[in-house]
Amino acid sequence: MASAMDVDGPAAAAAAGPSGSARSGGYMLPWVEKYRPTKIADIVGNVEAVSRLQVIAEEGNMPNIILSGPPGTGKTTSILCLAHELLGPNFREAVLELNASDDRGIDVVRNKIKMFAQQKVTLPPGRQKVIILDEADSMTSGAQQALRRTMEIYSSTTRFALACNQSSKIIEPIQSRCAIVRYNKLSEKELLQRLLAVCQMEKVAYTPEGLEAVVFTADGDMRQALNNVQATSNGFGLVDPEHVFRVCDQPHPVLVGAMVKHCTEAHIDEAYEGMKALCDMGYSASDVITTLFRVVKNHPMNEYLKLEYIKQIGFCHMRIGDGVNSRLQLSGLLADLCKLTLRAAA
């Protein structure tokens, strides 16, 4: 399990108060930073991807890599841990980290990245400098083209590590020069284990149902899960389902589940009343459809009917994403779901 330190490790530990809470510059660290893993072995989930990085760390021969996957699954943390294990005390002078908050145009590649690649740094034999580009899929096409040439010229002294949500947005020439490691959403079990450990270390009051609600709202995103637990604990002092859904401001899955149950019984009026109640609470069509999809995935029902439901929800979600997000779309969806139920029963 990860150490209760941020990436700088010992500095945060030394600044920890009597309660063990790490401080930085006089303010409390967010739990997502305080409990960020500092070793590859401590990273939660994506066992196969992490094991590949562990081999690279042990052998010391790091290729250019692209880490691709949903947010909050540990891509940036994995790169930082790998760089720490490869470079040790040389980490600060041998690593350049740029993220989406920096200007990511062609000038940055020509100046900042190229200048860093040209710098001479004394490193152990077989080790290279590391340039970390977070949210690399937001780089402009021109910047990516310039980066391609830089990767070739300085390949003997510098390695590139790119983290992105969609590897398809990285141009093909860069993809062909990199080993691609794909990350998936974390499982509910993995999220729950980590949350239990953090709650124990922070002495958080919680109910089992409360942590289940956090896992539901996070949807495989560890960063979101830790932020939701911290916000609920700080705001209410107790992590239970009611407080979690108030903090996260998502439609309660019990209410959405009741709506789905009415659809599986072809009770259109009752299903519409449930949907109307959610809209009257101030939830947008996008909020309702997102929760509806996740509730239907876990709803006990005929498998064929479930797949047909998911198909219709997908079409509706697409229309809402295109901007047609009126209540009429949700009403039409409920009617389609009830029709599917009657058709399956016929």
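Refer to the structure above for everything that follows.
Residues numbered from 1 in each chain as written. Predicted model: local features only at pLDDT ≥ 70, side-chain atom pairs only at ≥ 80, totals over all residues. Heavy atoms only, no water.

Novice: Quick question: what am I supposed to make of the side chain of Lys75 here?
Specialist: Within the secondary structure, Lys75 sits in helix α4 (residues 75-87). Among buried charged residues, Lys75 stands out as having no salt bridge; its nearest opposite-charge side chain is Glu135, 6.0 Å away. (Helix = DSSP H or I, 4+ residues; strand = E, 2+ residues; numbered from the N terminus. Buried < 20%, exposed > 50% of the residue type's maximum accessible area, 1.4 Å probe, protein only. Lys, Arg positive; Asp, Glu negative; His and termini not counted. Salt bridge = Lys/Arg side-chain N within 4 Å of Asp/Glu carboxyl O.)

Novice: What's the story with the pairing of strand β6 (residues 158-164) in this structure? I'm lost.
Specialist: The side chains of a regular strand alternate between both faces of the sheet. Taken across its seven residues, β6 has seven buried, putting it largely inside the fold. Side chains Thr158, Phe160, Leu162 and Cys164 project from β6 onto one buried face, and the interleaved Arg159, Ala161 and Ala163 project onto a second face that is buried too. Here four bridges tie strand β3 (residues 65-68) to β6, and the two strands are oriented parallel to one another. When the sheet's bridge partners are listed, Ile66 is paired in β6 with Leu162. Pairing geometry for strand β5 (residues 129-133) and β6, over five bridges, is parallel. Note on β6: the bridge partner recorded for Val130 is Arg159. Between the parallel pair β5 and β6, the chain is carried across by helix α7 (residues 141-153), and the sense of this crossover is right-handed. (Pairing = 2+ DSSP bridges. Right-handed = clockwise from strand over helix to strand, strands pointing away.)

Novice: I tried to follow helix α15 (residues 285-298) on my own but got confused; where do I start?
Specialist: At 3.6 residues per turn, the α-helix brings residues three or four places apart onto the same side. An ideal rise of 1.5 Å per residue puts 20 Å on 14 residues; α15 measures up with 20 Å between its terminal C-alpha atoms. Looking only at α15, the buried set comprises Ala285, Val288, Ile289, Thr291, Leu292, Arg294, Val295 and Val296. On the buried face of α15, the contacting elements are α10 (208-218), α13 (253-264), α14 (268-280), α16 (303-321) and α17 (327-345). (Expected span 1.5 Å × (residues − 1). Contact = heavy atoms within 4.5 Å.)

Novice: Explain the packing of helix α6 (residues 106-118) against α7 here, please?
Specialist: Packed helices, taken two at a time, are described by the angle their axes make and the gap between the axes. Relative orientation of the contacting elements α6 and α7 amounts to 30°, with a least axis distance of 7 Å. It follows from the interaxial angle that α6 and α7 lie roughly parallel. Note on element contacts: α7 touches α6 through Gly142, Ala143, Ala146, Leu147 and Thr150, opposite Ile106, Val109 and Ile113. Looking at the contact of α6 with α7 residue by residue, the class counts come to six nonpolar, two polar and no charged. (Axes fitted to C-alpha atoms, helices over the stretch in contact; angles between N-to-C directions. Parallel < 35°, antiparallel > 145°, perpendicular 65-115°, else oblique. Nonpolar A, V, L, I, M, F, W, Y, C, P; charged D, E, K, R; others polar.)

Novice: Is there a simple way to think about α16 in this case?
Specialist: Between its terminal C-alpha atoms α16 stretches 26 Å, which fits the 27 Å expected from 19 residues at 1.5 Å a residue. Contact partners of the buried residues in α16: α13, α15 and α17. Sitting at the head of α16, Asn302 places a side-chain oxygen 2.8 Å from the backbone nitrogen of Tyr304. Backbone geometry just downstream of α16 places Gly323 in the positive-phi region, at approximately 110°. (Polar contact = N/O pair within 3.5 Å; in protein donor to acceptor, adjacent residues only side chain to side chain.)

Novice: Looking at this structure, I do not really get the nonpolar core. What am I missing?
Specialist: Soluble globular proteins tend to bury their nonpolar side chains together. Core analysis: the biggest nonpolar cluster contains 51 residues, and Leu195, Met259, Ile289, Leu292, Tyr309 and Leu330 have the highest contact counts within it. Among residues more than four places away in sequence, those in contact with Leu195 are Leu211, Val214, Val215, Ala225, Leu226 and Val229. Judged by nonpolar contacts, the second largest core, of 27 residues, contains Leu53, Leu86, Ala161 and Tyr183. (Core = buried A, V, L, I, M, F, W, Y, C linked by side-chain atoms within 4.5 Å.)

Novice: Sorry, what's going on with the pattern of salt bridges here?
Specialist: Oppositely charged side chains can pair when the atoms bearing their charge come close. Taken as a whole and judged by the stated rule, the model has nine salt bridges. Close ionic contact of Lys34 with Glu202 constitutes a salt bridge, the shortest N to O distance being 2.5 Å. Here Lys34, found in helix α2 (residues 31-34), pairs with Glu202, found in helix α9 (residues 188-202); they are 168 residues apart in sequence, far enough to count as distant. Using a relative accessible area of 2% as the deciding quantity, one classes Lys34 as buried. Several salt bridges converge on common partners, so that one network encompasses Arg149, Glu152 and Arg177.

Limitation: the analysis is restricted to geometry and does not speak to function.
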